Amino acid sequence: KAGVTQTPRYLIKTRGQQVTLSCSPISGHRSVSWYQQTPGQGLQFLFEYFSETQRNKGNFPGRFSGRQFSNSRSEMNVSTLELGDSALYLCASSLGTGGFGANVLTFGAGSRLTVL
Amino acid sequence: GENVEQHPSTLSVQEGDSAVIKCTYSDSASNYFPWYKQELGKRPQLIIDIRSNVGEKKDQRIAVTLNKTAKHFSLHITETQPEDSAVYFCAAPGYALNFGKGTSLLVTP
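Please read all numbers here as calculations on a predicted model, not as lab measurements. (Residues numbered from 1 in each chain as written. Chains lettered and ligands numbered in written order. Predicted model: local features only at pLDDT ≥ 70, side-chain atom pairs only at ≥ 80, totals over all residues. Heavy atoms only, no water.)

Looking at the pairing of strand S3 (residues 19-25) of chain B
Residues and elements named next belong to chain B.
In step 1: Here S3 shows one buried face, formed by Ala-19, Ile-21, Cys-23 and Tyr-25, and one open face, formed by Val-20, Lys-22 and Thr-24.
In step 2: In the sheet, strand S1 (residues 4-7) pairs with S3 via 4 bridges, with the strands oriented antiparallel. Along S3, the bridge assignment pairs Gln-6 with Cys-23.
In step 3: For S3 and strand S8 (residues 72-77), the ladder comprises 6 bridges, and the chain directions are antiparallel. Note that in S8 the partner of Ala-19 across the bridge is Ile-77. (Buried < 20%, exposed > 50% of the residue type's maximum accessible area, 1.4 Å probe, protein only. Helix = DSSP H or I, 4+ residues; strand = E, 2+ residues; numbered from the N terminus. Pairing = 2+ DSSP bridges.)

Structural data, given as structure tokens:
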């Protein structure tokens, strides 16, 4: 069974540009969550998608957005990049039913974004 | 949202010693408490979890304890080995699965 796949794995952008990251969940998983990981800040929740709908959203500015397709693949977009957006962006998939107390999150390897 | 505090931020132990990492949470309705291990350059991986209907769970050298009254839970690693060196994250559910800031564990031979 294939795991959670994220592309691209590494990318470098300059301030003001935008970026799109992709996440393919485990087959059968309908929920995709996105997290930003920076040194010393742990994993900060961005948003969660389930059945093509954003179900929850973290405390990030509107420059961060996402979507989910009918095949459960998800993308996140960051517009007008800032230096502080440099981070590892992790997605995690789960079955999605029953809430976060019921399903195990399985993480992808992440997309490491560097903003110059 | 759920606030998860994790301590210590760094922990250094000698091989064979025990390591304990503690987390507190704020939402008394939280019912699921996973622990993830992230080795350098790798993805976080679930190593053990506990649900609110039990007080302790063990899996070989690792164990997790839960005190619902005090709203804290702990990870215990016994007989530590160098390959246990990693960053460990606790988490608790709110509107999302919220993570602590991590504990960097170093096990020295």
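What to know about the sheet that holds strand S1 (residues 5-7) of chain A
All names here are of chain A.
In step 1: Strand order across the open sheet formed by 4 strands is S1-S3-S8-S7, with antiparallel pairing between neighbours. The open sheet is flanked by S1 and strand S7 (64-68), the only strands paired with a single partner. On average, each strand axis in the sheet is inclined to that of its neighbour by 15 degrees, with strand direction left out of account.
In step 2: With 5 bridges connecting them, strand S3 (residues 19-24) and strand S8 (residues 74-78) associate as antiparallel partners. Bridging from a neighbouring strand, Val-19 pairs with Val-78 of S8. (Axes fitted to C-alpha atoms, helices over the stretch in contact; angles between N-to-C directions.)

A look at the sheet that holds S8(B)
Residues and elements named next belong to chain B.
In step 1: On the basis of which strands lie adjacent, the open sheet formed by 5 strands has the order S1-S3-S8-S7-S6 and antiparallel pairing. The open sheet is flanked by S1 and strand S6 (56-59), the only strands paired with a single partner. Geometrically, the sheet is characterised by an average inter-axis angle of 15 degrees between neighbouring strands, direction not taken into account.
In step 2: In this sheet, S8 lies alongside strand S7 (residues 62-67) in antiparallel orientation, the contact comprising 6 bridges. Bridge pairing in S8 links Ile-62 to Ile-77.

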